[in-house]
Amino acid sequence: MARKAVVDLMICMNPESAKDDVLKLTAGALVIYDEPLKLNTLRDDLIYYPVPFQKLVTASCPEPKLHKLVKNMIYVGVAGQMLGLDMSETKMAITKQLKGKQKAIEINQAAVDAGFAWAAENMPEQTRLKVVADNKTAGNIIIDGNAACALGAMFAGVQVVGWYPITPSSSLVESLIDYADEYRRDENGKLTVAHVQMEDELASAGLVFGAGWAGARAMTATSGPGISLMSEFIGLGYFTEIPGVFFNVARTGPSTGLPTRTMQGDIELCAKCSHGDTQYINLYPGNMSECFEFAYESFNLAERFQTPVFVVTDLDLGMQNWMSKPFPYPEGNFDRGKVLGEKELAEMKDWGRYKDVDGDGIPYRTLPGTPGGKGAYFTRGSGHNAYAQYTEKPKDYTDLMDRLRAKYETAKGYVPKPIVDDTGSKRGVLAFGSSDPAVTEARDVLAESFQKKTDYLRLRALPFTTEVDAFIKRSDVIYVVEQNRDAQMKALLVEFYPEAAMKFKSVLHYDGMALAAQTIVDQIIAFEK
C-alpha cells in the first residue's frame, strides 16, 4: 500500500552517495551501478550488475556534450531488460514526454536500445523482480494532489488567485492557470479567473482578503514559510471574518527547511495561525479524490463561516503521482453563506455586521456594490463591537471572542467527518493525510504477524467532531501517527481532550521521506513489549 522500508533494486549513478547508499541496503538487493565505482567490493551479500555506462553512451550518442544527460537513459534500457519491461511502452513514454522534439526522441530512444541490447547479451537473467502487464488499474487515473486541488478550486468557482511561487505548492496554481485557460472563459473568450503573481506571500494574503471582502471566491497556495509570512494577515481575516482559502502544501522545516522533502510539520501553525486566540477550519485530504473534493468544499466553508480555511496537504500528496478513481462531478449549488441582498438590507431595522442573530456564532455580511447603498461597511483589525464600531471595552472584546469560539463549534457539523474502521478493538490508531496508505498496511501487518487488531480513525478536518469524541472514549490506547518531531496533532488532541491525555501515544516519522508501514509497526510493537 505504501512506500517500502527496504530497497529491492538500486541504480547507483551518483559517485558522491553511491557507497553510502549501498551500505544501507538489505541483503539480497539488486544493484545496477556504473562500472568504475567498483561497488562490488563493499559487500558480498548483494547481487551486483556493473555496467560500462560511458562506453555505451559514447557508442550510442554522437554528441559528447549530451553524454551526461543521455547516460541516464542507458540505465532505463538496462533495468527494462532485467525486469522484462516491454520496450514499446518505454518508447511510448519517451515520445509522450518529448512530444514534438524528434531529435531528442531519437537520441533518448537510441540510448535505451543500447542499454537494453547490452543487458540482454551480457547480464545473467534474474527472476527475483519482474514487471508484469495487468489490467487491475483499468478505469483509474494518475494525478498528483496539486493538480487535483487545482481542479477542485476551478469547479468551486474560484475567481481570484493571489500567489507567490514556493516549492512544493507552485504547481497547484500553475495547474489551475492551465485549467482556467482552457475551461474558465466566458462567451467572449475572457478569463473568469484573475490570477496575479504578487511580490511576496504577504501581498498574496492581502489580495485574498481584499477579494473575499468584495465578494469574490479567492485563494492562494503556499508552503510553511509562506504561511508564516502571511500569519498577521490571516489573523486579520479571522478577526474581521473575511472568507479566503489557503492551500498549504507542507514541506520539511523549520525556516526554509528542505523544499524537496515531505512533512506534516505545519499542523499547529495552520490550526492556530497568527498571534492571539485563533482557531481555524483545517481540511486534511488523504487521497486524490479528497484533494479534489476538499478543495471544492473549502470555498463553501470559507464563505459559510466567513473565515480563512486551510487545506493542508504535503509534498508527498501534492507533487507525487497517485492512482485514483475518477472524481465524481460536484453536485449542488455553491454555499455563499449568510449574505444580505438589497431586499433584506432595505427591510433591516437594526443590522450589526458582527451580531449573532441565529445563535450559531455566524453573523450576516454584505457585499460592496449591493444596490441600495447599504452593502459596503468598514471595520478594523483592532477591537470592534457587534456593529463594527471601534471599541476598547473589555466586554465587547470577550463577547466577540466567545462568538468566534461558538462559530468554530458550529463548524463541527459541517466539516468532513473522519473515516472510522471499528473492529471492536480497544487499541486505536489515529492518523491523517498522506499517512493513510502506510497505516492501512501497518494494521494488516500488526494483525497478521503479531495478532494485534486495531481500530482506525482517519482524521479529515478540524475542529474535532463527535466521531472523534466517541473514538477516544471507547479506546484504551490511541497511537497518533504523524510526520513531525514534536507530536503536533497529539498536542491538539490533549488540549481538546485533557481527560484522555494518557491514552495518546505518539508514532512519529520526520526524516523527510514518505512514511513506510514498517516504521509504524516497529513503534507500536515497541510500546507494547
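Rules used in this analysis
- Residues numbered from 1 in each chain as written.
- Predicted model: local features only at pLDDT ≥ 70, side-chain atom pairs only at ≥ 80, totals over all residues.
- Heavy atoms only, no water.
- Helix = DSSP H or I, 4+ residues; strand = E, 2+ residues; numbered from the N terminus.
- Buried < 20%, exposed > 50% of the residue type's maximum accessible area, 1.4 Å probe, protein only.
- Contact = heavy atoms within 4.5 Å.
- Areas by Shrake-Rupley, 256 points an atom, 1.4 Å probe, with all protein chains shown as cover.
- Domains from an automatic or database assignment.
- Buried area = accessible area lost by both parts, 1.4 Å probe.
- Salt bridge = Lys/Arg side-chain N within 4 Å of Asp/Glu carboxyl O.
- Polar contact = N/O pair within 3.5 Å; in protein donor to acceptor, adjacent residues only side chain to side chain.
- Nonpolar A, V, L, I, M, F, W, Y, C, P; charged D, E, K, R; others polar.
- 1 Å grid on protein atoms, 1.4 Å probe; cavity = no way out; pocket = protein on both sides within 12 Å on 5 of 7 lines; lining within 4 Å.
- Points joined across faces, edges and corners; volume = space filled by probe spheres on them.
- Axes fitted to C-alpha atoms, helices over the stretch in contact; angles between N-to-C directions.
- Parallel < 35°, antiparallel > 145°, perpendicular 65-115°, else oblique.
- Left-handed = near helix turned anticlockwise from the far one by under 90°.
- Pairing = 2+ DSSP bridges.
- Phe/Tyr/Trp six-rings, centres within 6.5 Å; stacked < 30°, edge-to-face > 60°.
- Lys NZ or Arg CZ within 6 Å of the ring centre and 35° of its normal.

Student: Before we move on, could you go through the overall build of the chain and cite the residues and values that matter?
Tutor: Looking only at helices and strands, one finds 18 helices and 17 strands in the chain. Counting only C-alpha atoms and orienting by the principal axes, one finds that the chain spans roughly 90 × 65 × 40 Å. With 529 residues in all, the chain has 50% of them scored as buried. A separation threshold of at least 6 residues defines the contact pool for the chain, and within that pool the share at least 24 residues apart is 73%. Summing over all exposed atoms, the chain offers an accessible surface of approximately 25300 Å²; the carbon and sulfur share of this is 54%.

Student: For the domain arrangement of the chain, give the residues involved together with the corresponding values.
Tutor: One can read the domain layout of the chain as domain 1 (9–122), domain 2 (143–324), domain 3 (338–416) and domain 4 (419–528). Each of domain 3 and domain 4 has a C-alpha centre, and the two are 38 Å apart. Taken together, the contact between domain 3 and domain 4 spans five residues of the former and seven residues of the latter. Overall, the association of domain 3 and domain 4 removes approximately 610 Å² of surface from exposure, summing both partners, and the carbon and sulfur fraction of that is 72%. Among the residues of domain 3 in contact with domain 4, Y408, K412 and P416 are the three that bury the most area, contributing 77% of the side total. Linking domain 3 to domain 4 there are zero salt bridges. At the boundary of domain 3 with domain 4, the tally comes to zero residue pairs in polar contact (both at pLDDT 80 or more). Each residue belonging to the side of domain 3 that touches domain 4 can be placed in one class, and the counts come to four nonpolar, no polar and one charged.

Student: Tell me about the layout of surface pockets, residues and numbers included.
Tutor: By volume, the largest pocket amounts to about 470 Å³. For the lining of the largest pocket, the elements supplying multiple residues, two or more each, are β1 (9–12) and α1 (18–23). In terms of residue count, β1 provides more of the lining of the largest pocket than any other element does, three residues in total. Split by residue class, the lining of the largest pocket holds 10 nonpolar, three polar and three charged. For the second largest pocket, the calculated volume is near 390 Å³. Contributing to the lining of the second largest pocket are 18 residues, with G253, P254, G265, D266 and Q488 lying nearest its centre. At the level of secondary structure, the elements contributing two or more residues to the lining of the second largest pocket comprise α9 (224–240) and α10 (267–271). Considering each element in turn, the lining of the second largest pocket owes the most residues, three residues, to α9. Considering only residue class, the lining of the second largest pocket consists of five nonpolar, eight polar and five charged. Two domains share the lining of the second largest pocket, each providing at least three of its residues, namely domain 2 (143–324) and domain 4 (419–528).

Student: Describe the packing of helix α8 (residues 201–213) against α9, listing the residues and the values that go with them.
Tutor: How two helices sit against one another is set out by the angle between their axes and by the gap between those axes. At a minimum axis distance of 8 Å, the contact between α8 and α9 shows a crossing angle of 30°. What the angle tells us is that α8 and α9 run roughly parallel. Read as a crossing pair, α8 and α9 show a hand that is right-handed. Mapping the contact onto sequence places E201, L202, S204, A205, G206 and F209 in α8 and G226, L229, M230, F233, I234 and G237 in α9. Looking at the contact of α8 with α9, its residues break down into seven nonpolar, four polar and one charged.

Student: Can you lay out the sheet that holds strand β6 (residues 194–197) for me, pointing to particular residues and giving the numbers?
Tutor: Taken in spatial order, the seven strands of this open sheet run β6-β5-β7-β8-β10-β9-β15, and their pairing is mixed. Single-partner strands in this sheet number two, and they are β6 and β15 (461–462). Relative to strand β10 (residues 308–314), strand β8 (residues 244–250) is paired through seven bridges, and the arrangement is parallel. Counted as the bridge partner of A250 is D314 from β10.

Student: Break down the packing of aromatic side chains for me, with residues and values.
Tutor: In this structure the tally under the stated criterion is 16 aromatic pairs. Judged by centre distance (5.4 Å) and plane angle (90°), the rings of Y280 and F310 are edge-to-face. Note that Y280 is positioned in the loop between α10 and β9 (281–283) and F310 in strand β10, a separation of 30 residues in sequence. Accessibility classification places Y280 together with F310 in one group, the buried group. Over the face of the ring belonging to F334 we find R217, whose NZ or CZ atom lies 4.5 Å from the ring centre. Over the aromatic face of Y390 sits the side chain of R380, whose NZ or CZ is 4.3 Å from the ring centroid.

Student: So, the packing of helix α4 (residues 87–97) against helix α5 (residues 102–122): which residues are in play, and what are the values?
Tutor: Across the interface, α4 lies against α5 with an axial gap of 10 Å and an inter-helix angle of 155°. Between α4 and α5, the interaxial angle falls into the category roughly antiparallel. In the crossing of α4 with α5, the sense of the turn from one axis to the other is right-handed. Here M87, T90, K91, I94 and T95 of α4 lie close against α5, whose contacting residues are I105, N108, Q109, V112, D113 and F116.

Student: Tell me about the pairing of strand β11 (residues 321–324), and name the residues and values.
Tutor: Side-chain alternation along β11 places W322 and S324 on a buried face and N321 and M323 on a face that remains uncovered. Here strand β4 (residues 141–144) runs beside β11; their pairing, made up of four bridges, is antiparallel. Paired with D144 across the strands is N321, a residue of β11.

Student: Which residues make up the sheet that holds strand β16 (residues 477–482), and what values do they have?
Tutor: Taken in spatial order, the five strands of this open sheet run β12-β14-β13-β16-β17, and their pairing is mixed. Edge positions in the sheet fall to β12 (419–421) and β17 (504–508), since each of these pairs with one other strand and no more. Put simply, the sheet's adjacent strands are angled 20° from each other on average, direction ignored. Examined bridge by bridge, strand β13 (residues 427–432) and β16 share four bridges and lie parallel to one another. Counted as the bridge partner of V429 is Y479 from β16.

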